[in-house]
Amino acid sequence: MWILGIFGASTLWILINRLHFFNQPVQIDLATYAVIGHGLLGKSHLYTDLWDHKPPLIYMTYAFAEILTGYGQKEFFLLGILCALISSVGVFYAGRYGTGVQRAGLWAVMFWTLICSDLHLEAQLPNGEVFQSVFAVWGFYFYMVWANCRRRRFILSSGLCFALSSLYKQPMVAIPLCLFGADFLKSRREAIDRKSVISGAIICLIIGLLAWTVPIIYFAITSRWAEFYGAVFRFNQDYANYNPYHSSNLVLNVLHAMWPPSIRQVLIPGSLYVFVP
């Protein structure tokens, strides 16, 4: 009963939040995705006729949403609702499985409901990060299950989730790398366990390579490899170098993202209170 009540309240909150902003002016990224998705349905070519620098899955997602709802505000509403609710279920399972306590999963759902509706983060908008979160949450859950039982179907599911997440934005490959690194270090130097971690990492790597092979082969066959590579890889590298606070180094960018100015402003002054008598 508690589960149904929490999920019901969470769903209602998310629906009210999205309905309240149903007719708000479209954010520029969302407009880009919708326009390109609309163009793809009209047989235009991605990265040639319709240019942007994200991997292709985000535009395919918006094209599919347009098929279901039509072109316009309804597709933003549908994608926002679906992503929030699917992530909410994944957060519940991850919280419950990770702690072994059902109450922890429900608390995770409540916190997620607030976070995914945060206006400062623009979390209510179906931007690329929203889709990344869907697959990252489920990938993390499947990874936790696999780390406990080492059954292959769970690492296959986790690898697929993280691969799809990277097809929305490439830096998502850092998450499974961190998970495997932590799992390897905590394996207590047991040879069998470490071999299992290495084999799992290889499986995820193969799945990721296969996932990226699909668009690579497609654009190569259609003689648009140069456009695809230039937009998705070359431009993004130059784009990262343009910001003086970032670099083209993935590791440095991830570390910088984990320690933004807003966190420094809150944590550093707060930490000084330990010195107050």
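Conventions adopted
Along each chain, numbering runs from 1 in the same order as the chain's sequence is written. Reporting in this predicted model follows two pLDDT cut-offs: at least 70 for local features of residues, and 80 or more for side-chain atom pairs to be given and counted; totals over whole chains, interfaces and linings ignore these cut-offs and use all residues. Side-chain calculation: all heavy atoms of the structure are included, whereas hydrogens and water are not. Criterion for a salt bridge: a side-chain nitrogen of Lys or Arg within 4 Å of a carboxyl oxygen of Asp or Glu. Here a helix means four or more residues in a row that DSSP labels H or I, a strand means two or more in a row labelled E, and each is numbered from the N terminus. Three labels apply to residues, based on accessible area from a 1.4 Å probe with only protein chains included: buried if under 20% of the type maximum, exposed if over 50%, partly exposed otherwise in between. Each cavity reported here is a set of points on a 1 Å grid over the protein atoms alone in which a 1.4 Å probe fits but cannot get out, each pocket an open set with protein on both sides within 12 Å along at least five of seven lines, and each lining residue one with an atom within 4 Å of a point. Grid points are joined across faces, edges and corners, and a volume is the space filled by probe spheres set on the points. Charged residues are taken to be Asp, Glu, Lys and Arg, nonpolar residues to be Ala, Val, Leu, Ile, Met, Phe, Trp, Tyr, Cys and Pro, and polar residues to be all remaining types, Gly included. Every angle, taken between N-to-C directions, lies between 0 and 180 degrees, and every axis is a line fitted to C-alpha atoms, over only the stretch in contact when it is a helix. Orientation categories follow fixed angle ranges, with anything under 35 degrees roughly parallel, anything over 145 roughly antiparallel, 65 to 115 roughly perpendicular, and all other angles oblique. Any two residues whose heavy atoms approach within 4.5 Å at even a single point are treated as in contact. Per-residue confidence from the predictor is given as pLDDT, running between 0 and 100.

**Q** Whenever I open this one, the pattern of salt bridges confuses me. Can you help?
**A** Two side chains with opposite charge may pair up if their charged atoms get near one another. Across all of its chains, the model carries two salt bridges by this definition. Notably, a salt bridge pairs Lys169 with Glu129, separated by 2.5 Å at the nearest N-O pair. Separated by 40 residues along the polypeptide, Lys169 in the loop between helix 7 (152–166) and helix 8 (174–185) and Glu129 in helix 6 (residues 128–149) bring together distant segments of the chain. Residue classification places Lys169 among the partly exposed positions, given a relative accessible area of 23%. In this structure Glu129 comes out as partly exposed when scored by relative accessible area, which is 39%. Across the pair Arg150 and Asp183 runs a salt bridge whose closest N-O atoms are separated by 3.1 Å. Remark: Asp183 occurs in helix 8 and Arg150 occurs in the loop between helix 6 and helix 7; sequence separation between them is 33 residues. The class of Arg150 is partly exposed, set by a relative accessible area of 23%.

**Q** I would appreciate a short explanation of the layout of surface pockets in the present structure.
**A** Empty space within the second largest pocket amounts to approximately 310 Å³. Broken down by secondary-structure element, the contributors of at least two residues to the lining of the second largest pocket are helix 3 (57–69) and helix 9 (191–221). Looking at the lining of the second largest pocket, its residues break down into 11 nonpolar, two polar and one charged.

**Q** Can you help me understand the packing of helix 2 (residues 28–41) against helix 3 in this one?
**A** A pair of packed helices is captured by two measures, namely the crossing angle of their axes and the spacing between those axes. Closest axis-to-axis distance for the helix 2/helix 3 pair is 8 Å, and the angle between their directions is 70 degrees. When the axes of helix 2 and helix 3 are compared, the pair comes out roughly perpendicular. Residues Leu30, Tyr33, Ala34, Ile36, Gly37, His38, Leu40 and Leu41 of helix 2 lie in contact with helix 3, whose contacting residues are Ile58, Tyr59, Met60, Tyr62, Ala63, Glu66 and Ile67. Of the residues contributing to the contact of helix 2 with helix 3, the split by class is 12 nonpolar, two polar and one charged.

**Q** Sorry if this is basic, but what is going on with empty space enclosed by the protein here?
**A** Remark: the empty space left among the atoms is shown by a probe the size of a water molecule rolled over them. Throughout the structure, instances matching the rule amount to one cavity of 30 Å³ or more. Volume-wise, the largest cavity comes out at about 180 Å³. For the largest cavity, the lining is made up of 16 residues, of which Phe21, Gln24, Gln73, Phe76 and Leu125 are closest to its centre. Elements represented by at least two residues in the lining of the largest cavity include exactly helix 1 (2–20) and helix 4 (73–99). In terms of residue class, the lining of the largest cavity is made up of nine nonpolar, six polar and one charged.

**Q** Teacher, can you tell me more about the confidence of the model for the protein chain here?
**A** In low-pLDDT regions, the fine details of the predicted coordinates are not to be read closely. For the protein chain, per-residue confidence averages 84 on the pLDDT scale, and residues scoring 70 or more make up 84% of the total. Per-element confidence in the protein chain is highest for helix 3, whose mean pLDDT is 95, and lowest for helix 12 (residues 261–271), whose mean pLDDT is 46. Counted against residues more than four places away or in other chains, residues 264–277, with its pLDDT under 50, gives five contacts.

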